[in-house]
Amino acid sequence: VLALASKTDPAWVERVATRLDELLVDHAHCEKKAASTALALVFRYPDHAWLVLPLSRLAREELKHFEQVVEVLRARGLEPRRQAPSPYAGALLSAVRTHEPARLLDTLLCCALIEARSCERMQLLARGLPDPGLRAFYGELLASEARHHATYVELARGIPGHGEAALRRRLAELAAHEARVLARAPADVRMHN
Ligand SMILES: [Fe+2]
Ligand SMILES: [Fe+2]
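Residues numbered from 1 in each chain as written. Chains lettered and ligands numbered in written order. Predicted model: local features only at pLDDT ≥ 70, side-chain atom pairs only at ≥ 80, totals over all residues. Heavy atoms only, no water.

## Looking at the overall build of the protein
(1) Moving on: Check the secondary structure of the protein and you find 7 helices and 0 strands.
(2) Moving on: The order of helices and strands in the protein, counted from the N terminus, is α-α-α-α-α-α-α.
(3) Moving on: Principal-axis analysis of the C-alpha atoms gives the protein an extent of 50 × 30 × 25 Å.
(4) Moving on: A total of 193 residues make up the protein; the buried ones form 47% of that total.
(5) Moving on: For the protein, contacts bridging at least 24 residues in sequence account for 79% of all contacts bridging at least 6.
(6) Moving on: Accessible surface, the protein: about 9,600 Å² in total, of which carbon and sulfur atoms supply 58%.
(7) Moving on: Here the protein contributes 27 positively and 24 negatively charged side chains, and the mean placements of these two sets differ by 3 Å. (Helix = DSSP H or I, 4+ residues; strand = E, 2+ residues; numbered from the N terminus. Buried < 20%, exposed > 50% of the residue type's maximum accessible area, 1.4 Å probe, protein only. Contact = heavy atoms within 4.5 Å. Areas by Shrake-Rupley, 256 points an atom, 1.4 Å probe, with all protein chains shown as cover. Lys, Arg positive; Asp, Glu negative; His and termini not counted. Charge placed at Lys NZ, Arg CZ, Asp CG, Glu CD.)

Below, the structure is given as structure tokens:
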């Protein structure tokens, strides 16, 4: 499912469920970061017409998610705060090649994998959290993240110069890298740890 090369241990939910406030603060950070990453690509590739509007729309959806998570935080008496950059994303993106169009291809596929992992984690939260309100909240969000995964893969497909088989092969390589990065991540309470 979703091109991921590993499955999250179901015990992850039990661990984060005892420290939900920390998870929600990190989740707000992730939504904001997702919006900012999509917008950064719009700035980096302003002349790629096929990419600009889908990514602009995606950035807006991520900002909407950010606002929704901030509302959940406020209902719990919390506010968003500064989070250290996630070691996960940095390590994942270190596999991006530096020459174009490989750079764009790898960046889009890494974004697709981040969306897929978010979606997988939200699925666990939607099933496993004790609070029915939060279960429903994650149930709604995960559908968007699955769509974002598909959008990034579809955009990668639009880059000229590589066939479907090459795209599949690169996605599988990066998925294996993502699984290794995640296995090495520190066991603190974050969406991607
Ligand atoms: Fe999102
Ligand atoms: Fe997303």
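## Some words on the coordination of the iron ion (ligand 1)
(1) Moving on: The protein atoms that coordinate the iron ion (ligand 1) are Glu31 (OE), Glu62 (OE), His65 (ND1) and Glu145 (OE), at distances of 2.0 to 2.2 Å.
(2) Moving on: Viewed at the metal, the 4 donor atoms of the iron ion (ligand 1) are separated by angles of 91 to 138 degrees, and the geometry they form is irregular.
(3) Moving on: Counting along the primary sequence, the residues that act as donors to the iron ion (ligand 1) give the motif E-x30-E-x2-H-x79-E.
(4) Moving on: You can call Glu31 buried: its relative accessible area is 3%. (Donors = N, O, S within 2.8 Å, 3.2 Å for Na, K, Ca; no water. Tetrahedral: all angles 85-135°; square planar, octahedral: opposite > 155°, others 65-115°.)

## Thoughts on the side chain of Glu120
(1) Moving on: Mapping Glu120 onto the fold places it in helix H5 (residues 102-128).
(2) Moving on: With near-sequence residues (within four places) excluded, Glu120 lies in contact with Leu4, Ser6, Lys7 and Thr8.

## What about the pattern of salt bridges?
(1) Moving on: Tallying each qualifying case throughout the model produces 14 salt bridges.
(2) Moving on: One salt bridge in this structure joins Glu164 and Arg168, with 3.2 Å as the shortest N-O distance. One end of the pair, Glu164, and the other, Arg168, are both in helix H7 (residues 164-184), 4 residues apart, so they sit about a helical turn from each other.
(3) Moving on: A network of salt bridges, in which partner residues are shared, links Arg97, Asp106, Arg170 and Glu173. (Salt bridge = Lys/Arg side-chain N within 4 Å of Asp/Glu carboxyl O.)

## Here's the deal with the coordination of the iron ion (ligand 2)
(1) Moving on: Around the iron ion (ligand 2), the protein contributes the donor atoms Glu62 (OE), Glu115 (OE), Glu115 (OE), Glu145 (OE) and His148 (ND1), at 1.8 to 2.7 Å from the metal centre.
(2) Moving on: Between consecutive donors of the iron ion (ligand 2), the numbers of intervening residues give the motif E-x52-E-x29-E-x2-H.
(3) Moving on: Separating the iron ion (ligand 2) from the iron ion (ligand 1) is a gap of 3.4 Å, which Glu62 spans by donating to each of them. In this pair, Glu115 sits in helix H5 while Glu145 sits in helix H6 (residues 132-157), placing the two residues 30 residues apart along the sequence. In terms of burial, Glu115 and Glu145 fall into one category: buried.

## Thoughts on helix H3 (residues 49-75)
(1) Moving on: Taking 1.5 Å per residue as the helical rise, H3 with its 27 residues ought to reach 39 Å, and the 40 Å between its terminal C-alpha atoms agrees with that figure.
(2) Moving on: All of the buried residues along H3 are Leu51, Val52, Leu55, Leu58, Ala59, Glu62, His65, Phe66, Val69, Val70, Val72 and Leu73.
(3) Moving on: Those residues of H3 hidden inside the fold are in contact with helix H2 (20-44), H5 and H6. (Expected span 1.5 Å × (residues − 1).)

## As for the packing of H2 against H5
How two helices pack is summed up by the angle between their axes together with the distance between the axes.
(1) Moving on: Two numbers describe how H2 lies on H5: the axes approach to 12 Å, and their chain directions differ by 155 degrees. On the basis of their axis angle, the class for H2 and H5 is roughly antiparallel. Considering how the two elements wind past one another, H2 and H5 form a crossing that is left-handed. Mapping the contact onto sequence places Leu23, His27, Glu31, Ala34, Thr37, Leu41 and Arg44 in H2 and Arg103, Thr107, Leu108, Cys111, Glu115, Met122 and Leu125 in H5. (Axes fitted to C-alpha atoms, helices over the stretch in contact; angles between N-to-C directions. Parallel < 35°, antiparallel > 145°, perpendicular 65-115°, else oblique. Left-handed = near helix turned anticlockwise from the far one by under 90°.)

## Observations concerning the nonpolar core
(1) Moving on: With 61 residues, the main nonpolar core has Leu23, Leu55, Leu108, Leu125, Tyr138 and Tyr152 as its most contacted residues.
(2) Moving on: Elements that contribute at least two residues to this core include exactly helix H1 (11-17), H2, H3, helix H4 (87-93), H5, H6 and H7.
(3) Moving on: Residue contributions to this core peak at 14 residues, all from H5.
(4) Moving on: Residues contacting Leu108, with those up to four places away along its chain left out, are Leu41, Leu51, Tyr152, Leu155, Ala156 and Ile159. (Core = buried A, V, L, I, M, F, W, Y, C linked by side-chain atoms within 4.5 Å.)

The values are spatial; any link to function lies outside them.
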